[in-house]
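# Close look at the chain arrangement
The residues making up each chain are set out below.
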Amino acid sequence: MGRSRILEDKLSNAHGTEENAAHEAVPAHPEWCALLRKVVPAKAFLTEAWFDCWARSFLPLNSWVGPLTYLATHGPDGALIGLAPVAKQRVAGVQFSSLGGYYAPFRSILVAEPARQVAAEGLASAL
């Protein structure tokens, strides 16, 4: 099984702040770009920039307290094969990590199709 880890969002301190209203473009991470070439076509729009836009718009808001982080798993060769964005929520005083709210694309977990089973197992073990 591949390595699993949690990646802190490099922009987590910026989400939801007024001083960052003029959003900078999020540079595409080479590993993320390589993974997007291996996912089903319907999920190819789920770039770092897409998730950054979501986080800048909705963190913090209502029960969402942030920051946006990513669960990631890598194959035996070190290549990124799975990625799951999660954010913190606080409901009734309990804080927990969540895959997203009513925004179905945000719930999307990116997995490389050739390594779907290994990626799913790696992401599950990262929870």
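Up top is the structure.
The structure displayed is predicted, hence computed values, not measured ones.

### A few points about the environment of Phe-51
Within the secondary structure, Phe-51 sits in helix H2 (residues 48-58). Considering only alpha carbons, one finds Phe-51 and Leu-68, 17 residues apart in sequence, at a separation of 8.5 Å.

### Focus: the pairing of strand E4 (residues 94-98)
Here strand E3 (residues 80-91) runs beside E4; their pairing, made up of five bridges, is antiparallel. Across the sheet, Lys-88 pairs through a bridge with Ser-97, a residue of E4. Connecting E3 to the next strand, E4, in antiparallel fashion are two residues, including Ala-92 with a positive phi near 50 degrees.

### Concerning the packing of aromatic side chains
Inspection of the entire model under this criterion finds five aromatic pairs. Measuring from centroid to centroid gives 5.9 Å for Trp-32 and Phe-51, while their planes differ by 45 degrees, and the two rings are tilted. Of this pair, Trp-32 sits in helix H1 (residues 30-36) while Phe-51 sits in helix H2, placing them 19 residues apart in sequence. Accessibility classification places Trp-32 together with Phe-51 in one group, the buried group. With a centroid separation of 5.1 Å and 80 degrees between ring planes, the pair formed by Trp-32 and Tyr-70 is classed as edge-to-face. Of this pair, Trp-32 sits in helix H1 while Tyr-70 sits in strand E2 (residues 64-74), placing them 38 residues apart in sequence. In this structure, Trp-32 and Tyr-70 share a single accessibility class: buried. Taken together through their ring pairs, the aromatic side chains of Trp-32, Phe-45, Trp-50, Phe-51 and Tyr-70 make up a single cluster.

### Overview of the pattern of salt bridges
Enumeration according to the criterion identifies two salt bridges in this entry. Ionic pairing is found between Arg-56 and Asp-52, a salt bridge with its closest N-O pair at 2.8 Å. Remark: Asp-52 and Arg-56 occur in helix H2; sequence separation between them is four residues, near one turn of the helix. Since its relative accessible area comes to 13%, Arg-56 is described here as buried. A salt bridge links Arg-116 to Glu-113, with the nearest nitrogen and oxygen atoms 2.8 Å apart. A residue is classified by how much of its surface remains accessible, and Arg-116, at 44% relative accessible area, is partly exposed. The class of Glu-113 is partly exposed, set by a relative accessible area of 33%.

### Regarding the nonpolar core
It is characteristic of soluble globular proteins that their nonpolar side chains tend to be buried jointly. In terms of nonpolar packing, the biggest core is built from 27 residues, with Trp-32, Leu-35, Leu-59, Leu-68, Leu-83 and Leu-110 touching the most fellow members. Per-element tally for this core: the top contributor is E3, with six residues.

### Side note on the pairing of E3
Extensive coverage of E3 is indicated by the burial of nine of its twelve residues. Summarising the sheet, E2 and E3 pair through eight bridges and their orientation is antiparallel. Bridge pairing in E3 places His-74 opposite Leu-80. Taking the residues between adjacent antiparallel strands as the criterion, E2 and E3 are bridged by five residues, where Gly-78 takes a positive phi near 90 degrees. Both E3 and strand E5 (residues 110-111) contribute to a ladder of two bridges, which runs antiparallel. Looking at E5, one finds that Leu-83 is bridged to Leu-110.

Procedures and definitions
Residues numbered from 1 in each chain as written. Predicted model: local features only at pLDDT ≥ 70, side-chain atom pairs only at ≥ 80, totals over all residues. Heavy atoms only, no water. Helix = DSSP H or I, 4+ residues; strand = E, 2+ residues; numbered from the N terminus. Pairing = 2+ DSSP bridges. Phe/Tyr/Trp six-rings, centres within 6.5 Å; stacked < 30°, edge-to-face > 60°. Buried < 20%, exposed > 50% of the residue type's maximum accessible area, 1.4 Å probe, protein only. Salt bridge = Lys/Arg side-chain N within 4 Å of Asp/Glu carboxyl O. Core = buried A, V, L, I, M, F, W, Y, C linked by side-chain atoms within 4.5 Å.

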